[in-house]
Each structure stands twice: as structure tokens, then as C-alpha cells.
Amino acid sequence: QRDSSTLTLIADWNIYPNPISAGQPLSIQISTSRNFFVELFLFDGLGRTIEQWKRNLSPFNSNFELSTKRLSAGVYYLVLVTPEGEQRRKIVVGQ
């Protein structure tokens with residue numbers, strides 16, 4: 001899969017709050033105009049996979065929450081993988 005700065009299937013995607021306190025749920029909002037399947041990967045600062053999720057997106061806004069209960073304070077990267085490629089967002093987890 002290629003790394004894409006622009007994914008046409010995804011109109012926009014946001015994560016919040018960011019930074020986040022450990023244990024607080026991380027909200028993800030993805031705007032799209034089609035139904036399709038995505039994968040999300042959470043990597044730590046060393047590139048190790050911490051969590052992986054699979055989601056089926058619906059048109060307009062797909063919203064869901066991810067648990068951060070198992071995360072220590074630090075920097076993480078959330079990677080959204082679509083049939084077109086992937087995009088990455090940095091997440092900062094505080095104490």
C-alpha cells in the first residue's frame with residue numbers, strides 16, 4: 001500500500017482529544033461518502049504495534065472510540081489504512 005497525503009475515499013478524519021490523558025477514550029471521526037472497510041493501527045514511538053482495529057465505514061460521518069487504558073504516557077502514532085493507502089496521526093498520551 002502506498003503512503004497517501006490525500007485519500008479520496010476519506011474527506012477528513014480527526015482524533016480528539018489530543019493530547020489525551022492515559023485511560024481517557026480517544027474519539028475518532030472519519031468523514032466519507034462511501035461504504036468501505038478500514039484498518040487502524042496504533043504504534044508506539046519505537047514502531048511496535050500496540051493495537052489493531054478493523055472498522056466498516058458508512059457514508060458521511062463514522063464515529064467511534066478507542067480505549068487508551070493500556071497505554072503509558074508517551075508518543076504514539078495512529079495509522080488509518082484504506083484501499084487507497086494510509087495516513088498517520090501523532091497522539092500524545094499524558095499521565
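For the structure itself, consult the block above.
The following refers to the structure shown. Predicted model, so just to flag it, every value in this text is computed and none were measured.

Calculation rules
Residues numbered from 1 in each chain as written. Predicted model: local features only at pLDDT ≥ 70, side-chain atom pairs only at ≥ 80, totals over all residues. Heavy atoms only, no water. Phe/Tyr/Trp six-rings, centres within 6.5 Å; stacked < 30°, edge-to-face > 60°. Lys NZ or Arg CZ within 6 Å of the ring centre and 35° of its normal. Core = buried A, V, L, I, M, F, W, Y, C linked by side-chain atoms within 4.5 Å. Buried < 20%, exposed > 50% of the residue type's maximum accessible area, 1.4 Å probe, protein only. Helix = DSSP H or I, 4+ residues; strand = E, 2+ residues; numbered from the N terminus. Contact = heavy atoms within 4.5 Å. Pairing = 2+ DSSP bridges. Salt bridge = Lys/Arg side-chain N within 4 Å of Asp/Glu carboxyl O. Axes fitted to C-alpha atoms, helices over the stretch in contact; angles between N-to-C directions.

**Here's the deal with the packing of aromatic side chains**
1) Next: Within the structure shown, the criterion is met by one aromatic pair.
2) Next: Positioned above the aromatic ring of Phe-64, the side-chain terminus of Arg-55 is 4.7 Å from the ring centre.

**Examining the nonpolar core**
1) Next: Within the largest apolar cluster, 22 residues are counted, with the highest numbers of intra-cluster contacts made by Trp-13, Ile-28, Ile-30, Leu-78 and Ile-91.
2) Next: For this core, the elements supplying multiple residues, two or more each, are strand 1 (10-16), strand 3 (26-32), strand 4 (36-44), strand 5 (49-57), strand 6 (60-66), strand 7 (74-82) and strand 8 (85-94).
3) Next: A per-element tally of this core places strand 4 first, with four residues.
4) Next: Ignoring sequence-local partners within four residues, the contact set of Ile-91 consists of Ile-15, Asn-18, Ile-20, Leu-26, Leu-42, Gly-74, Val-75, Tyr-76 and Leu-78.

**Some remarks on the sheet that holds strand 8**
1) Next: The strand order across the open sheet formed by five strands is 2-8-7-4-5, and the pairing between neighbours is mixed. The open sheet has two edge strands, strand 2 (20-21) and strand 5, and neither has a second partner.
2) Next: In this structure, strand 7 lies alongside strand 8, joined through nine bridges in antiparallel fashion. Within the sheet, the bridge partner assigned to Val-75 lies in strand 8 and is Val-92.

**Digging into the pattern of salt bridges**
1) Next: One pass over the structure, following the stated rule, counts two salt bridges.
2) Next: The closest approach of N and O atoms between Asp-44 and Arg-48, which form a salt bridge, is 2.6 Å.
3) Next: What makes Asp-44 buried here is its relative accessible area of 9%.

**Considerations on the sheet that holds strand 1**
1) Next: Strand order in the open sheet made by the three strands is 1-3-6, with antiparallel pairing throughout. Looking at strand neighbours, the two that pair on one side only are strand 1 and strand 6, the edges of this open sheet. On average, adjacent strands in this sheet sit at an angle of 15° to one another, irrespective of strand direction.
2) Next: Note: strand 1 against strand 3, six bridges, orientation antiparallel. Bridging from a neighbouring strand, Asp-12 pairs with Ser-31 of strand 3.

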